[in-house]
Amino acid sequence: MNNKLIIYNGQAEQDKFVLNILSGKKNGYFLELGSCFAEKSNNTFILENSFKWIGIMIEYDNKYLYEWKDLRPNSKHIINNALNINYKNLLKDSPKNIDYLSFDLEVRNGSTIKTLEKFDIEIMNEYKFAVITFEHDLYNSGNYKETRIKSRNIFKKHGYIPVFKDINNNNPNIVYEDWYVHPELVNMNYVNNLKEINKNNYKDNNLTGLSISWKDIIYPQNDNLLFITDSNARIYEKKGEFY
């Protein structure tokens, strides 16, 4: 069996953040809002396919369903408007401590903050998420620029700690995500070290003062994530340095 280096799949390598925080956890559980493609730029594809996670995928557009059934057979597939879902009912058979919440909805039409407010009311007192990546799209949020501040207040109320604020897409002014952890569910020594070694990687911008490109994030060495040894994993060969 040949070792293979991991090629991360998330648009901003959100999956890399999750797996580093959780030290390459196998058999985890996720909730993904705004799944879109089953594989391309998907934050949970590697988790399910190579680390044997399961979870719930939510998307408004049913054109992705066939692809999900083909490439994501182990997850539950929900085609619905995120605002119309009763999350307490949806999660009734899920663990109370969920490993990852991927939150990627449409900020400009208000669905992002309105859905998070539903979470606040329906489930956040009962369920915890070890890792959260949240898209607030400040650079392109239209009439919903308050999404960034309102979401931070909600996460803070429920005990979440920001690891990286105002992630940008390789341009300091394209500010669009915050990444969080729950301190009861992760190794905070690792998290604090991660924050410390990246504190100088923030750059000045015109929107928030500072932001950090996901491409500039440096992760401490994690031996659990150097290689995949599962012969069934859909991982691609990669040459060169990993970190």
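About the cut-offs
- Residues numbered from 1 in each chain as written.
- Predicted model: local features only at pLDDT ≥ 70, side-chain atom pairs only at ≥ 80, totals over all residues.
- Heavy atoms only, no water.
- Helix = DSSP H or I, 4+ residues; strand = E, 2+ residues; numbered from the N terminus.
- Buried < 20%, exposed > 50% of the residue type's maximum accessible area, 1.4 Å probe, protein only.
- Contact = heavy atoms within 4.5 Å.
- Areas by Shrake-Rupley, 256 points an atom, 1.4 Å probe, with all protein chains shown as cover.
- Lys, Arg positive; Asp, Glu negative; His and termini not counted.
- Salt bridge = Lys/Arg side-chain N within 4 Å of Asp/Glu carboxyl O.
- Polar contact = N/O pair within 3.5 Å; in protein donor to acceptor, adjacent residues only side chain to side chain.
- Pairing = 2+ DSSP bridges.
- pLDDT = per-residue confidence, 0-100.

A. Representation of the overall build of the chain. Helices and strands together make up the secondary structure of the chain, namely seven helices and nine strands. Within the chain, buried positions represent 52% of all 243 residues. For the chain, long-range pairs separated by at least 24 residues make up 73% of all intrachain contacts whose partners lie at least 6 apart in sequence. Total accessible area on the chain stands at roughly 11600 Å², and carbon and sulfur atoms take up 45% of it.

B. Up close: the side chain of aspartate 15. Within the fold, aspartate 15 resides in helix α1 (residues 14-21). The buried charged residue aspartate 15 lacks any salt bridge partner; its closest oppositely charged side chain belongs to lysine 16, at an N-O distance of 8.7 Å. Reaching out from aspartate 15, the side chain makes a polar contact with the backbone nitrogen of glycine 10 at a distance of 3.0 Å. Beyond its immediate chain neighbours, meaning those up to four positions away, aspartate 15 contacts Tyr8, Asn9, Gly10, Asn42, Asn43 and Ile46.

C. A look at the pattern of salt bridges. Counting across every chain of the model gives twelve salt bridges. Residue glutamate 196 is joined to lysine 199 by a salt bridge in which the shortest nitrogen-to-oxygen separation is 2.8 Å. Note on lysine 199: relative accessible area 48%, which makes it partly exposed. A salt bridge links lysine 203 to aspartate 216; its shortest N-O distance comes to 4.0 Å. Here lysine 203 is found in strand β8 (residues 203-204), whereas its partner aspartate 216 is found in the segment after β9 (210-213), with 13 residues between them in sequence.

D. Here's a closer look at the pairing of strand β6 (residues 161-168). Inspection of the sheet shows β6 paired to strand β7 (residues 175-181) by five bridges, in the antiparallel sense. Counterpart to proline 162 in the pairing with β7 is tyrosine 180. Taken together, β6 and the strand that follows it, β7, pair antiparallel across an intervening segment of six residues, in which asparagine 170 is found at a positive phi of about 65°. Strand direction decides the pairing type here: β6 and β9, joined by two bridges, are parallel. Bridge pairing in β9 places isoleucine 167 opposite isoleucine 212.

E. Seen up close, the confidence of the model for the chain. Averaged over all residues, the pLDDT of the chain is 89; the fraction at 70 or higher stands at 89%. Between residues 228-243, whose pLDDT stays under 50, and residues either more than four places distant or in other chains, the model counts 45 contacts.

F. Representation of the pairing of strand β4 (residues 97-103) in the model. Among the seven residues of β4, six are classified as buried, and the element is accordingly described as predominantly covered. Here strand β1 (residues 29-33) pairs with β4 via four bridges, running parallel. Bridging across to β4, leucine 31 finds its partner in leucine 101. Relative to strand β5 (residues 128-135), β4 runs parallel, the two being bridged by six bridges.

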